[in-house]
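# A look at the structure
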Amino acid sequence: MAPNPLANWEKIGNSFYRKIAIYDAIFEDDVELENYIVAGAPYGGAIALHRDETKPLRLRDGQGSRSTVDIYSCAGQRINRINWEQATIRGLGWSDKEELLIVSEDGTVRRYLGLDGEFTSFSLGNVSTALFFQDTGLII
C-alpha cells in the first residue's frame, strides 16, 4: 500500500500547511552552545562562536586549548576560524553591515571587514564587560 501524500499536512483554519525539515544537523557534534559566547549577524547572516573562558573546559584527546573565534553559516556549517592570541575576549557582536566586532579586555576592538580574516582595530582602554545591542550600538 502506498503512503498517503496528505498525511503530513495540517489544517489550520481553511488552509493546509506542512512542516519541511530544512536542516537535520546544525553545528558539529562537539559544539555545546551553552559553553560559548554566541553572536548572530543581522539579516540571517553568519554566527560567531567563542568558547566562554569563564566555564570549565574538559580537553579531549587531540583537542588543544587554543582560543579561537569560529564563524558559521546560519545553517551551522563552519565558514572560517580566527585563531585568537590576544587578550581575553569580553564581547562579540556584529555591525549593521555584518562586520564582526571582537572586544578584548585590553580595550582593543577588531572590526573584521569580511569573513576572510582581514580587520582594522582601535582601542577603548581596559574593558571588563562589553554588551552589544542589535542595530543600536555597543556599551563598554
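So, here's what we can say about the structure. Fair warning: this is a prediction, and the values are worked out from it, not measured in the lab. Counting from 1, residues in each chain are numbered in the order their sequence is written. Local features in this predicted model are restricted to residues whose pLDDT is 70 or higher, and side-chain atom pairs enter the listing and the counts only when it is 80 or higher, whereas totals over whole chains, interfaces and linings include all residues. Side-chain metrics in this entry use all non-hydrogen atoms of the structure; hydrogen atoms and water are not considered.

To continue, consider the packing of aromatic side chains. Within 6.5 Å between ring centres, the rings of Phe, Tyr and Trp (the latter by its six-membered ring) count as paired, and their orientation is classed by plane angle as stacked under 30 degrees, edge-to-face over 60, tilted in between. Tallied over the full model, the rule gives one aromatic pair. The side chain of Arg110 reaches across the aromatic face of Phe119, ending 3.9 Å from its centre. Lysine and arginine charges are scored as sitting over a ring when NZ or CZ, respectively, is within 6 Å of the ring centre and within 35 degrees of the ring normal.

Our next topic: the pairing of strand S2 (residues 15–18). Pairing of strand S1 (residues 9–12) with S2 involves four bridges; the strand directions are antiparallel. For Trp9, the partnering residue across the bridge sits in S2 and is Arg18. At least two bridges found by DSSP between two strands is the condition for calling them paired. Starting at the N terminus, helices and strands are each numbered in turn, a helix being any DSSP run of H or I of at least four residues and a strand any DSSP run of E of at least two.

Further remarks concern the pattern of salt bridges. Side chains that differ in sign of charge can pair as their charged atoms come close. By definition here, a salt bridge exists when the distance from a side-chain nitrogen of Lys or Arg to a carboxyl oxygen of Asp or Glu is within 4 Å. Counted by the stated rule, this structure contains three salt bridges. In this structure, Arg81 and Asp70 form a salt bridge, with 2.6 Å as the shortest nitrogen-oxygen distance. Of the two residues, Arg81 is situated in strand S6 (residues 78–83) and Asp70 in strand S5 (residues 68–72); the sequence distance between them amounts to eleven residues. Notably, a salt bridge pairs Glu105 with Arg90, separated by 2.7 Å at the nearest N-O pair.

Glancing now at the side chain of Asp52. Tracing the sequence through the fold places Asp52 in the loop between strand S4 (47–51) and S5. Buried within the structure, Asp52 lacks any salt-bridge partner; its nearest side chain of opposite charge belongs to Lys55, at an N-O separation of 4.5 Å. What makes two residues a contact is simply this: any of their non-hydrogen atoms within 4.5 Å. In this view, Asp52 contacts Asn35, Tyr36 and Ile37; residues no more than four positions away in its chain are not counted. Residue burial is assigned from relative accessible area. The probe radius is 1.4 Å, only protein chains are included, and a residue is buried under 20% of its type maximum, exposed over 50%, and partly exposed in between. Note that His is not counted, nor are the chain ends; the positive residues are Lys and Arg, and the negative ones are Asp and Glu.

Attention now moves to a nonpolar patch on the surface. Distance thresholds for patches are 9 Å for like charges and 5 Å for nonpolar side chains (Val, Leu, Ile, Met, Phe, Trp, Tyr), applied to residues having over 30% relative accessible area and no salt bridge. The accessible surface values rely on the Shrake-Rupley method and a 1.4 Å probe; as for residues, cover is taken only from the protein chains in view. A contiguous nonpolar surface patch, about 350 Å² in accessible area, is contributed by Phe122, Leu124, Leu138 and Ile140. Checked against the element boundaries, Phe122 lands in strand S10 (residues 119–123). A residue is classified by how much of its surface remains accessible, and Phe122, at 43% relative accessible area, is partly exposed.

All right, on to the sheet that holds strand S9 (residues 108–112) then. Taken in spatial order, the four strands of this open sheet run S7-S8-S9-S10, and their pairing is antiparallel. At either margin of the open sheet sits one strand with a lone partner, and together these are strand S7 (89–94) and S10. Taken over all neighbouring pairs, the strand axes of this sheet differ in orientation by 15 degrees on average, direction set aside. Both strand S8 (residues 100–104) and S9 contribute to a ladder of four bridges, which runs antiparallel. Along S9, the bridge assignment pairs Leu100 with Tyr112. Interaxial angle, 0 to 180 degrees, is taken between N-to-C directions of lines fitted to C-alpha atoms, where a helix line uses only the stretch in contact.

Another point: unusual backbone geometry. At Tyr43, a residue that is not glycine, the phi angle is positive and equals roughly 65 degrees. Here Tyr43 is to be found in the loop between strand S3 (36–40) and S4. Positioned with a positive phi, Glu98 is a non-glycine residue whose angle comes to about 60 degrees. Of note, Glu98 is situated in the loop between S7 and S8. Judged by its relative accessible area of 34%, Glu98 falls in the partly exposed class.

All right, on to the sheet that holds S3 then. Strand order in the open sheet formed by four strands is S3-S4-S5-S6, with antiparallel pairing between adjacent strands. One side of each edge strand has no neighbouring strand; the edge strands of this open sheet are S3 and S6. Direction aside, the axes of adjacent strands within the sheet are offset by 20 degrees on average. As paired elements, S5 and S6 share five bridges and run antiparallel to each other. Each bridged residue has a counterpart across the sheet, and for Asp70 the counterpart in S6 is Arg81.

Function cannot be read off these values alone, since they describe shape.
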